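Working through the structure, step by step
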Amino acid sequence: MMKPKFKKKEAVIMAKIAPSILSADFMNLERDIRAIEKNGGDYVHIDVMDGNFVPNITFGVPVVKAVRPVTSLPLDVHLMIDRPIRYVDAFCNAGADYLTLHIEADTQENTISALKRIAALGKAPAISLKPGTPAEAAIPYFPYCSMILVMTVEPGFGGQKFMADMMPKLRRLRSLLTEGGFDCLLEVDGGVDSTTASQCKESGADILVTGSAYFKAPDKPEFVKMIQS
Ligand code: DX5
Ligand code: ZN
């Protein structure tokens, strides 16, 4: 039997990386943000927490505003706050490019109004789902969002263990979006590292958020390339 001339190459799944500054050195935030761009990162992920929606407090509007002139990368702002509609204008005006709201944080009506407002301000509206929220809960928001963020840890803290059991939800969202004809990016956030990244990509993720794994990586440009290819 003739041997095939070429060995079939394994499919390479590409993704974008959004390093999360939650794990940055806050005394050297400007240095760390400039390095994300230099190291080949695609977005800067900024985790906004209010101590109510999640049991942690992080950054607010002034930090987003201060970060804006430091990088040309898009700012991917993840709001983990109650009733985010109250702050949509402020975060968009501060320089957010993607603004992500948790669907668990307000009524469907308010969340849709907030998403429409983000789009009207010329920014990319996005929603996020906590681990306990099923894929189907996102359906009413499909027409209004450019990205859906699937949490693979309980929101609130960096450095938690990746929940591999969220992968079916990611695949389900991808097929629901395709069936409905929606052009929407899928992002994964929580516990993404060199081991778990491939599962996310295989399950349909376009953008991988990575906090502790990126900041701990001894060779960051190499880590970024590994996530992207
Ligand atoms: C957690 C945040 C994440 C966090 C991820 O609530 O939304 O963006 O920075 O950190 P790691 O990658 O360490 O899990
Ligand atoms: Zn996040």
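Residues numbered from 1 in each chain as written. Chains lettered and ligands numbered in written order. Predicted model: local features only at pLDDT ≥ 70, side-chain atom pairs only at ≥ 80, totals over all residues. Heavy atoms only, no water.

**A few points about the pattern of salt bridges**
Throughout the structure, instances matching the rule amount to 7 salt bridges. One salt bridge in this structure joins arginine 34 and glutamate 30, with 2.6 Å as the shortest N-O distance. Of this pair, arginine 34 and glutamate 30 are both found in helix H1 (residues 29-38), 4 residues apart, which corresponds to roughly one turn of the helix. Taking relative accessible area as the criterion, arginine 34 reaches 43% and is therefore assigned partly exposed. (Salt bridge = Lys/Arg side-chain N within 4 Å of Asp/Glu carboxyl O. Helix = DSSP H or I, 4+ residues; strand = E, 2+ residues; numbered from the N terminus. Buried < 20%, exposed > 50% of the residue type's maximum accessible area, 1.4 Å probe, protein only.)

**Focus on the coordination of the zinc ion (ligand 2)**
Around the zinc ion (ligand 2), the protein contributes the donor atoms His45 (NE2), Asp47 (OD), His78 (ND1) and Asp189 (OD), at 2.0 to 2.3 Å from the metal centre. Seen from the zinc ion (ligand 2), its 6 donor atoms lie at angles of 70 to 167°, and the figure they make is octahedral. Site description for the zinc ion (ligand 2): donor spacing in sequence, H-x1-D-x30-H-x110-D. With histidine 45 in strand S2 (residues 44-49) and aspartate 189 in strand S7 (residues 185-189), this residue pair connects regions lying 144 residues apart in the sequence. (Donors = N, O, S within 2.8 Å, 3.2 Å for Na, K, Ca; no water. Tetrahedral: all angles 85-135°; square planar, octahedral: opposite > 155°, others 65-115°.)

**Quick notes on the layout of surface pockets**
The probe, sized like a water molecule, is rolled over the atoms to show the empty space still left. Of the volumes computed, that of the largest pocket is approximately 280 Å³. As for the largest pocket, its lining consists of 26 residues, and the residues nearest its centre are Phe157, Gly158, Gly159, Gly190 and Gly191. Elements that contribute at least two residues to the lining of the largest pocket include exactly S2, strand S3 (75-80), strand S8 (207-210) and helix H7 (212-216). Residues that form the lining of the largest pocket fall into these classes: 10 nonpolar, 12 polar and 4 charged. (1 Å grid on protein atoms, 1.4 Å probe; cavity = no way out; pocket = protein on both sides within 12 Å on 5 of 7 lines; lining within 4 Å. Points joined across faces, edges and corners; volume = space filled by probe spheres on them. Nonpolar A, V, L, I, M, F, W, Y, C, P; charged D, E, K, R; others polar.)

**Concerning the sheet that holds strand S1 (residues 16-19)**
Where strands meet in a sheet, backbone hydrogen bonds hold them as pairs that are either parallel or antiparallel. The strand order S1-S8-S7-S6-S5-S4-S3-S2 describes an open sheet built from 8 strands, whose pairing is parallel. Two strands bound the open sheet, and with one partner strand each, they are S1 and S2. If you compare each strand with its neighbour and ignore which way they point, the axes differ by 25° on average. When S1 meets S8, the two strands line up parallel, connected through 4 bridges. Within S8, the position partnered with lysine 16 by the bridge is isoleucine 207. Strands in contact with helix H4 (residues 108-120) are strand S4 (98-102) and strand S5 (124-129); relative to S5, the strand with the most contacts, it is inclined by about 145°. (Pairing = 2+ DSSP bridges. Axes fitted to C-alpha atoms, helices over the stretch in contact; angles between N-to-C directions. Contact = heavy atoms within 4.5 Å.)

**Regarding the packing of aromatic side chains**
How two aromatic rings sit relative to each other is set out by the distance from centre to centre and by the angle between their planes. If you walk through the whole model with that rule in mind, you get 4 aromatic pairs. Both rings, one in tyrosine 214 and one in phenylalanine 215, keep their centres 4.7 Å apart while their planes meet at 90°; by these two values the pair is edge-to-face. As far as the burial class goes, tyrosine 214 and phenylalanine 215 line up, both buried. Its end group placed over the ring of phenylalanine 53, lysine 130 keeps NZ or CZ at 5.1 Å from the ring centre. Above the face of the tyrosine 214 ring, lysine 220 is positioned so that its terminal group lies 5.9 Å from the ring centre. (Phe/Tyr/Trp six-rings, centres within 6.5 Å; stacked < 30°, edge-to-face > 60°. Lys NZ or Arg CZ within 6 Å of the ring centre and 35° of its normal.)

**Examining helix H5 (residues 167-180)**
Residue pairs three or four apart in sequence face the same way in an α-helix, which turns once every 3.6 residues. For H5, which comprises 14 residues, the first-to-last C-alpha distance of 20 Å matches the rise-based estimate of 20 Å (1.5 Å per residue) to within 8%. Looking at the buried positions of H5, the neighbouring elements they touch are S5, strand S6 (147-151), S7 and helix H6 (197-202). Of the residues flanking the end of H5, it is glycine 181, one or two places downstream, whose phi is positive at about 75°. (Expected span 1.5 Å × (residues − 1).)

**A look at the site of ligand 1**
Around ligand 1 sit 20 residues in total, of which Gly156, Gly159, Asp189, Gly191 and Ser212 are the nearest. In the model, an oxygen atom of ligand 1 is placed 2.7 Å from a nitrogen or oxygen of the glycine 191 main chain. In isolation ligand 1 exposes 380 Å². Once the protein is present, 100% of that is buried. Taken atom by atom, the bulk of ligand 1 overlaps the largest pocket. In terms of residue count, S2 provides more of the shell around ligand 1 than any other element does, 3 residues in total. Among the residues making up the shell around ligand 1, the classes are represented as 7 nonpolar, 11 polar and 2 charged. (Near = heavy atom within 4 Å. Polar contact = N/O pair within 3.5 Å; in protein donor to acceptor, adjacent residues only side chain to side chain. Areas by Shrake-Rupley, 256 points an atom, 1.4 Å probe, with all protein chains shown as cover. Sits in = over half its atoms within 2 Å of the grid points.)

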